[in-house]
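Structural overview for review
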Amino acid sequence: MSTIDVCVVACAELFRGDGEIVASPMGLVPQLGAKLARSTFEPDLLLSDGEATLLTADGVAEGWLPYRAVFDVVAHGRRHVVMGANQLDRYGNQNISCIGPHATPKRQLLGVRGAPGNTINHRTSYWVPKHSPRVFVPAVDMISGVGRDRGGHVYRVVTNLCVLDFGGPSHAMRVVSLHPGVTLDEVVEQTGFPLHAEDPPVTRSPSEEELALIAKLDPTGARNA
């Protein structure tokens with residue numbers, strides 16, 4: 001078992017209790033997490049190929065979701081997206097647009113994309129593969145995804161160090177669990193703002209069955225690259 005396998009399971013747990021909704025995980029680890037959830041405790045989860053086909057965890061087509069229908073799904077809240085973030089503040093405001101002032105950015109990124117509509121309309125989580133003060137900042141340079149202080153439906157953040165939610169005072173970020181071998185001091189040191197923590201437990205490790213499923217879903221081990 002590796003830390004990345006723990007992260008896959010943590011991403012799977014994001015979807016626990018979601019039922020029959022569209023899962024939109026962006027990135028390999030969130031995708032493996034969604035497929036693992038579908039294969040185990042969330043069999044009604046709907047997985048999209050990102051275009052117009054709904055798939056089983058094994059990649060077999062089982063339905064059709066044309067692009068024109070996606071906005072209806074978004075507007076009705078029947079979706080859970082896991083996005084990335086170049087910057088996040090303590091309330092889950094996300095930046096994927098630019099680094100530096102918007103008018104004269106030091107670096108141009110993706111743009112806001114669908115982040116405003118996602119965070120306002122349905123549950124949104126984040127996957128951060130490298131937890132650092134460059135990502136977890138006191139204030140984002142531009143708000144792409146809307147945080148909890150502005151009414152956004154931000155649920156959890158999974159990183160390579162821990163799992164976070166927004167159960168702190170005034171919906172500020174809180175440490176939910178620490179990955180095996182990680183200390184709270186390490187997480188605090190790699191975060192650019194104060195974190196709320198109440199003796200967080202260790203993130204659960206994958207079972208033998210889950211490890212076998214992860215290996216089946218990712219036979220080339222791309223998740224470890």
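Our subject is the structure listed above.
Residues numbered from 1 in each chain as written. Predicted model: local features only at pLDDT ≥ 70, side-chain atom pairs only at ≥ 80, totals over all residues. Heavy atoms only, no water.

1. Observations regarding the pairing of strand β13 (residues 174–178)
Along β13, 4 of the 5 residues are buried, which leaves the element largely enclosed by surrounding structure. Relative to strand β14 (residues 196–197), β13 runs parallel, the two sharing 2 bridges. In the sheet register, Arg 174 faces β14, and the bridge partner there is His 196. Once the chain exits β13 it traverses helix α5 (residues 184–189) before rejoining the sheet at β14, and the crossover so formed is right-handed. (Buried < 20%, exposed > 50% of the residue type's maximum accessible area, 1.4 Å probe, protein only. Helix = DSSP H or I, 4+ residues; strand = E, 2+ residues; numbered from the N terminus. Pairing = 2+ DSSP bridges. Right-handed = clockwise from strand over helix to strand, strands pointing away.)

2. As for the side chain of Glu 42
Structurally, Glu 42 can be placed in the loop between α2 (28–39) and β2 (46–48). Here Glu 42 occupies a buried position and makes no salt bridge, while the nearest side chain of opposite charge, Arg 16, is found at 6.2 Å. At a separation of 2.6 Å, a polar atom in the side chain of Glu 42 contacts the main-chain amide nitrogen of Gly 17. With residues up to four places along the chain from it excluded, the contact list for Glu 42 reads Phe 15, Arg 16, Gly 17, Asp 18, Gly 19 and Ala 37. (Lys, Arg positive; Asp, Glu negative; His and termini not counted. Salt bridge = Lys/Arg side-chain N within 4 Å of Asp/Glu carboxyl O. Polar contact = N/O pair within 3.5 Å; in protein donor to acceptor, adjacent residues only side chain to side chain. Contact = heavy atoms within 4.5 Å.)

3. Observations regarding the pattern of salt bridges
Close approach of charged atoms allows side chains of opposite charge to pair. One pass over the full model with this rule turns up 9 salt bridges. Asp 18 is the partner of Arg 123 in a salt bridge, and the nearest nitrogen-oxygen pair spans 3.4 Å. Of this pair, Arg 123 sits in strand β10 (residues 123–128) while Asp 18 is found in the loop between α1 (3–13) and β1 (22–25), placing the two residues 105 residues apart along the sequence. Of the residues examined, Asp 18 reaches a relative accessible area of 13% and is grouped as buried.

The values reported here are purely geometric and, on their own, carry no functional implication.
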